[in-house]
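Secondary and tertiary structure notes
So the chains spell out like this:
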Amino acid sequence: MKPGDELPPLRIPITRTLIVAGAVASRDYQDVHHDAELAREKGSPDIFMNILTTNGLVGRYVTDHFGPQAVLRKVAIRLGAPNHPGDTMVLTGTVTDVDGDTASVRVVGANGLGHHVTGTVTVEVTR
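The following paragraphs examine the structure supplied in this document.

**Focus: unusual backbone geometry**
Within the chain, R27 stands out as a residue other than glycine whose phi angle is a positive 60 degrees. The topology assignment puts R27 in the loop between helix 1 (16-25) and helix 2 (36-41). Since its relative accessible area comes to 69%, R27 is described here as exposed.

Structure representation (structure tokens):
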């Protein structure tokens, strides 16, 4: 791994099941993550993914690329455009810094509305 290395894109279909399952698994019972009618009443066109699900998907993206020896040391993300059912999020990443067995990876997750998530993941890969 070296600065400038690009991770292959990962396309994730955003399904209603993924959104609801992620919210329930992370114990986030806010209605905007599972009840479309209440989400619309609050101004959203539909339910939307929570940050904990996004965080998990970003972590998976990086560890899938670096393999079973990869250990996430830090995940710092920001949400932007919401992930709604029927869209697709495409995760991309670029290694920005390497120090020994540790790399920093800039990650972007884009959907039809724009950037859903941006951030940096610090990963240690021992061989």
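**A word on helix 1**
Three or four residues apart is the spacing at which side chains of an α-helix point the same way, because the helix has 3.6 residues per turn. By the burial criterion, the buried members of helix 1 are I19, G22 and A23. Angular distribution of buried residues about the axis of helix 1 spans 95 degrees; they occupy a single face of the element. In helix 1, the exposed positions that point more than 90 degrees away from the buried face belong to T17 and A25. Along its buried surface, helix 1 packs onto helix 3 (51-66).

**Quick look at the pairing of strand 3 (residues 88-99)**
Pairing between strand 1 (residues 6-13) and strand 3: six bridges, direction antiparallel. Within strand 3, the residue paired with E6 across the bridge is T94. Pairing of strand 3 with strand 4 (residues 102-111) involves nine bridges; the strand directions are antiparallel. Bridged to D99 within strand 4 is T102. Linkage of strand 3 to strand 4, two consecutive antiparallel strands, is achieved through a turn of two residues, within which G100 is found at a positive phi near 65 degrees.

**Topic: the pattern of salt bridges**
Throughout the structure, instances matching the rule amount to five salt bridges. Residue D5 pairs with K2 through a salt bridge whose shortest N-O separation is 3.0 Å. A salt bridge links D31 to K42, with the shortest nitrogen-to-oxygen separation between them at 3.0 Å. Residue D31 is located in the loop between helix 1 and helix 2, and its partner K42 is located in the loop between helix 2 and helix 3; the two are separated by 11 residues in the primary sequence.

**Considering a nonpolar patch on the surface**
Judged by side-chain polarity, I51, L52 and L79 come together as a nonpolar surface patch covering roughly 250 Å² of accessible area. In this fold, L52 is placed in helix 3.

**With respect to the environment of V20**
By secondary structure assignment, the location of V20 is in helix 1. Aside from chain neighbours lying at most four places away, what touches V20 is H33, H34 and I47.

Rules used throughout
Residues numbered from 1 in each chain as written. Predicted model: local features only at pLDDT ≥ 70, side-chain atom pairs only at ≥ 80, totals over all residues. Heavy atoms only, no water. Helix = DSSP H or I, 4+ residues; strand = E, 2+ residues; numbered from the N terminus. Buried < 20%, exposed > 50% of the residue type's maximum accessible area, 1.4 Å probe, protein only. Arc of directions from axis to C-beta. Contact = heavy atoms within 4.5 Å. Pairing = 2+ DSSP bridges. Salt bridge = Lys/Arg side-chain N within 4 Å of Asp/Glu carboxyl O. Patch = residues over 30% accessible without salt bridge, like charges linked within 9 Å, V, L, I, M, F, W, Y side chains within 5 Å. Areas by Shrake-Rupley, 256 points an atom, 1.4 Å probe, with all protein chains shown as cover.

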